[in-house]
Amino acid sequence: MSPKNSKRGESYSQLEAGTKRAKPVQHQRGAEIQPYGKIAKLPIALDEKVCAESAENLNQLLADTMTLRDMYKKHHWQVAGHTFYQLHLLFDKHHGEQDELVDEIAERIQLLGGISLAMAGDIAETTMIERPPRGREEVPVQISRLLEAHELILKEARTMAKQATEAGDDGTNDLLVSDVIRTNELQVWFIAEHLVDVPVVRADPGPPSQLETDGHPEQFTLKRQR
Ligand SMILES: [Fe+2]
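A. Region of the structure containing the environment of Gln98. The topology assignment puts Gln98 in helix 3 (residues 84-111). Judged by its relative accessible area of 0%, Gln98 falls in the buried class. Linking Gln98 and Met66, residues 32 residues apart in sequence, is a C-alpha distance of 7.6 Å. Residue contacts for Gln98: discarding those within four places in its chain leaves Thr65, Leu68, Arg69, Tyr72, His150, Asn184 and Gln187. In terms of polar contacts, Gln98 uses its side chain to reach the side chain of Gln187, at 2.8 Å.

Listed below in C-alpha cells is the structure:
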C-alpha cells in the first residue's frame, strides 16, 4: 500500500469511529413495559376496576370489528356478478368506516390504561365471528356473513354500553352508542337491502287469485274490491 492509500484507510476508520453514536442499534428485545391485561391508570377520574372492565369488553369488540373490517376488504376484492361495481364500491366504503371504528375503539382502550389488541394472530384467536373460507363465495353468502357479523357486534355493543353506563364510564358508553351501534345499524340497512328478492325489470303480478286479465293476455290488473 502506498503512503497515500494508507492515509486514506486511516481517515475512513476515523470516520467510522466518529459515527458510532449515529448508527441504529438493531435487533433489540427487552422486557414489556406493561403486560397485557394490566391497567396503567391515567388521571381520568375513573376507578381502576371500571377501566379494566371496559378495556376487556372493548378488546373483544375490537377483535370482532377488525375481523368485520377485513371481511369487507375480502368481499371488496372477491365480489362477482352483475352487481360487482356497486358492491365493490360499497364494501370498500364500509371497510373504511369500520377502520375508523377500529382506531376509536383501540385508542379508547389505551386511554383507559389498557392495552389494545393489534396483531392478526391475536385477533384471530379472540374474535367470535365465523372464519370465512379463503376461496370466493357468491354475493348472497358474502352478504349473509357480513349481516351475521354486524348482528354479533350490535348485540355485544348494546350489552357493553349498558355495563359502561352502570359503571359510570360515560365515554365508553358514548363511543359504543354514538359510533359503533349507529354505524353498524346503518351498514346493515345498506347491505341487507341487496338480499330482498325483487324483480329487476318486470313487476311481479302477485298471486293469480287476486288478479284478472283485462283482455290483454300479457297484462294484469288488480281486481276491483266490490
Ligand atoms: Fe380497492
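B. Inspection of the layout of surface pockets at higher detail. What the largest pocket holds in volume is close to 460 Å³. Surrounding the largest pocket, 16 residues form its lining, Thr67, Asp70, Ala124, Arg131 and Pro132 being those nearest its centre. Of the residues forming the lining of the largest pocket, the biggest block, 6 residues, is contributed by helix 2 (residues 48-78). Looking at the lining of the largest pocket residue by residue, the class counts come to 9 nonpolar, 2 polar and 5 charged. Each pocket or cavity is described by its volume, and for the second largest pocket that value is around 320 Å³. Surrounding the second largest pocket, 13 residues form its lining, His82, Thr83, His194, Val196 and Val200 being those nearest its centre. Here the lining of the second largest pocket is built from residues that sort into 7 nonpolar, 4 polar and 2 charged.

C. Highlighting the confidence of the model for the protein. Of all residues in the protein, 86% have pLDDT values of 70 or greater, and the mean over the chain is 90. Note on residues 217-226: pLDDT is under 50 here. Beyond four places in sequence and across chains, it has 15 contacts.

D. Molecular detail of the packing of aromatic side chains. If you walk through the whole model with that rule in mind, you get 2 aromatic pairs. Consider the rings of Tyr72 and Phe91, whose centres lie 5.9 Å apart with planes at 55 degrees: the pair is tilted. Linking Tyr72 in helix 2 with Phe91 in helix 3, this pair joins segments that are 19 residues apart in sequence. Residue Tyr72 shares its accessibility class with Phe91, and that shared class is buried.

E. Representation of empty space enclosed by the protein. Tallied over the full model, the rule gives 1 cavity of 30 Å³ or more. Every residue along the wall of the largest cavity is listed here: Val50, Glu53, Ser54, Asn57, Met160, Gln163, Ala164, Ala167, Thr172 and Leu176. Breaking the lining of the largest cavity down by element, the ones donating at least two residues are helix 2, helix 5 (139-167) and helix 6 (170-192). Of the residues that constitute the lining of the largest cavity, the class distribution is 5 nonpolar, 4 polar and 1 charged.

F. Highlighting the pattern of salt bridges. As enumerated under the stated definition, the model contains 8 salt bridges in all. Asp99 is the salt-bridge partner of Arg69, the closest N and O atoms lying 2.9 Å from each other. Linking Arg69 in helix 2 with Asp99 in helix 3, this pair joins segments that are 30 residues apart in sequence. Residue classification places Arg69 among the buried residues on the basis of a relative accessible area of 14%. According to the relative accessible area criterion, Asp99 is partly exposed, its value standing at 34%. Between Asp92 and Lys73 there is a salt bridge, and its shortest N-O distance comes to 2.7 Å. On the criterion of sequence distance, the pair formed by Asp92 in helix 3 and Lys73 in helix 2 is long-range, its members being 19 residues apart.

Reading guide: rules and limits
Residues numbered from 1 in each chain as written. Predicted model: local features only at pLDDT ≥ 70, side-chain atom pairs only at ≥ 80, totals over all residues. Heavy atoms only, no water. Helix = DSSP H or I, 4+ residues; strand = E, 2+ residues; numbered from the N terminus. Buried < 20%, exposed > 50% of the residue type's maximum accessible area, 1.4 Å probe, protein only. Contact = heavy atoms within 4.5 Å. Polar contact = N/O pair within 3.5 Å; in protein donor to acceptor, adjacent residues only side chain to side chain. 1 Å grid on protein atoms, 1.4 Å probe; cavity = no way out; pocket = protein on both sides within 12 Å on 5 of 7 lines; lining within 4 Å. Points joined across faces, edges and corners; volume = space filled by probe spheres on them. Nonpolar A, V, L, I, M, F, W, Y, C, P; charged D, E, K, R; others polar. pLDDT = per-residue confidence, 0-100. Phe/Tyr/Trp six-rings, centres within 6.5 Å; stacked < 30°, edge-to-face > 60°. Salt bridge = Lys/Arg side-chain N within 4 Å of Asp/Glu carboxyl O.

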